[in-house]
Amino acid sequence: PRQQILSAPYAVQAEKAADSSLLNGQTPQWYAPTGSIMAYSLSTAPSGWLMCDGRSLDDASLTDTTYDPLKSLLQAEGQTALPDLRSVFLRGHDDFGTAAGAKGYDELRAVGNFQEDAFQGHKHNLEYIGTSGAVYGALLNATSVTNGAWDSGFMSGPVTDGLNGSPKIADETRPKNIAVNYIIKY
């Protein structure tokens, strides 16, 4: 009913993983390959990584041959600079060259291609109750109202609905977020 606690063979490997000098030139499968990008919470990149700050691959700070593998990979993709991921979200590429092909959402873009922000075109319906109690509605870009003429009323800036707080107005559409640095493995 009782089993003796035995040593864990992977614990030795875990101890070695903490010290990269023990790799002896080997690259284990779990190691990030050149060109990997990850979010990073500090303000300077750790050893072996560069900030994704859009620097030209010809920049004087990238002349050391240590950066050549990354530069070669980026140039093979037609890129002339490090990815510039400052103030942007990442979006998965829509074609991995698999048998399944693209999902059809954004398949005309290449890896590393930047896309501006956008807000899908739309209209708003405005409804109000007339003096007779009838409900009237109109598209805001229309000049008339269903069931009658638009004789009074106007649309003002956003106001609270009384339930969800004051509207948050900005020069962009965005979700709640926190700033991180993106770094790329060289």
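Keep in mind that this is a model prediction, so the values were computed, not measured.

Some remarks on the layout of surface pockets
Now for step 1: Its boundaries defined by the atoms lining it, the largest pocket holds a volume of some 1,600 Å³.
Now for step 2: Around the largest pocket sit 47 residues that line it, and L85, V88, F89, L90 and R91 are the ones nearest its centre.
Now for step 3: Elements with a minimum of two residues in the lining of the largest pocket: α2 (68-76) and β5 (181-185).
Now for step 4: Grouping the amino acids of the lining of the largest pocket by side-chain chemistry returns 23 nonpolar, 12 polar and 12 charged.

A few points about the side chain of Q79
Now for step 1: For Q79, the location among the structural elements is in the loop between α2 and β3 (125-129).
Now for step 2: Overall, the relative accessible area of 15% leaves Q79 in the buried class.
Now for step 3: Beyond its immediate chain neighbours, meaning those up to four positions away, Q79 contacts L57, L74, V111 and G112.

Brief notes about the pattern of salt bridges
A side chain with one charge may pair with a side chain of the opposite charge, provided their charged atoms come close.
Now for step 1: Taken as a whole and assessed by the stated rule, the structure comprises 2 salt bridges.
Now for step 2: Its salt-bridge partner being D53, residue R55 comes within 3.1 Å of it at the nearest N-O pair.
Now for step 3: Owing to a relative accessible area of 21%, R55 belongs among the partly exposed residues under this scheme.
Now for step 4: Judged by its relative accessible area of 21%, D53 is partly exposed.
Now for step 5: The residue D84 makes a salt bridge to R86 at a minimum N-O spacing of 2.7 Å.

Structural notes on the packing of aromatic side chains
Now for step 1: For the structure on display, the rule yields 1 aromatic pair.
Now for step 2: Between Y67 and Y186, the ring centres sit 4.7 Å apart and the planes meet at 70°, which makes this aromatic pair edge-to-face. Of this pair, Y67 sits in the loop between β2 (49-51) and α2 while Y186 sits in the segment after β5, and the two are 119 residues apart along the sequence.

Comments concerning the side chain of S36
Now for step 1: Turning to its location among the elements, S36 is positioned in the loop between α1 (9-17) and β1 (37-40).
Now for step 2: Only 2.8 Å separates the side chain of S36 from the backbone oxygen of P33, close enough to count as a polar contact.
Now for step 3: Those residues in contact with S36 that sit more than four places away from it in its chain are W49, I183, I184 and K185.

Considering the sheet that holds β5
The strands that make up a sheet pair up through hydrogen bonds in the backbone, lying either parallel or antiparallel.
Now for step 1: Strands sit in the order β1-β5-β2 across an open sheet of 3 strands; the sheet is antiparallel. Looking along the sheet, the strands with just one partner apiece sit at the ends: β1 and β2. Going across the sheet, the axis of each strand differs from the next one's by a mean of 40°, ignoring polarity.
Now for step 2: As judged from the 3 bridges shared by β2 and β5, these two strands associate in the antiparallel manner. By the bridge assignment for β5, W49 is matched with K185.

Examining the nonpolar core
Now for step 1: Grouped together as the largest cluster of nonpolar side chains are 11 residues: L50, C52, L57, L62, Y67, L70, L74, L82, L85, Y182 and I184.
Now for step 2: Beyond its immediate sequence surroundings of up to four residues, L70 is in contact with T34, G35, L50, L82, I184, K185 and Y186.

Examining the confidence of the model for the protein
Now for step 1: Residues with a pLDDT of 70 or more make up 63% of the protein, whose mean pLDDT is 76.
Now for step 2: For the protein, per-element mean pLDDT is lowest for strand β4 (residues 135-139), which scores 51, and highest for β2, which scores 97.
Now for step 3: Contacts of residues 138-153 to residues separated by more than four positions or lying in other chains number 26 contacts, the stretch itself having pLDDT below 50.

Details of the environment of H93
Now for step 1: Tracing the sequence through the fold places H93 in the loop between α2 and β3.
Now for step 2: A residue is classified by how much of its surface remains accessible, and H93, at 25% relative accessible area, is partly exposed.
Now for step 3: Placed 20 residues apart in sequence, H93 and N113 show a C-alpha to C-alpha distance of 9.5 Å.
Now for step 4: Dropping the residues within four chain positions of it, H93 is found in contact with R109, A110 and V111.

Conventions used here
Residues numbered from 1 in each chain as written. Predicted model: local features only at pLDDT ≥ 70, side-chain atom pairs only at ≥ 80, totals over all residues. Heavy atoms only, no water. 1 Å grid on protein atoms, 1.4 Å probe; cavity = no way out; pocket = protein on both sides within 12 Å on 5 of 7 lines; lining within 4 Å. Points joined across faces, edges and corners; volume = space filled by probe spheres on them. Helix = DSSP H or I, 4+ residues; strand = E, 2+ residues; numbered from the N terminus. Nonpolar A, V, L, I, M, F, W, Y, C, P; charged D, E, K, R; others polar. Buried < 20%, exposed > 50% of the residue type's maximum accessible area, 1.4 Å probe, protein only. Contact = heavy atoms within 4.5 Å. Salt bridge = Lys/Arg side-chain N within 4 Å of Asp/Glu carboxyl O. Phe/Tyr/Trp six-rings, centres within 6.5 Å; stacked < 30°, edge-to-face > 60°. Polar contact = N/O pair within 3.5 Å; in protein donor to acceptor, adjacent residues only side chain to side chain. Pairing = 2+ DSSP bridges. Axes fitted to C-alpha atoms, helices over the stretch in contact; angles between N-to-C directions. Core = buried A, V, L, I, M, F, W, Y, C linked by side-chain atoms within 4.5 Å. pLDDT = per-residue confidence, 0-100.

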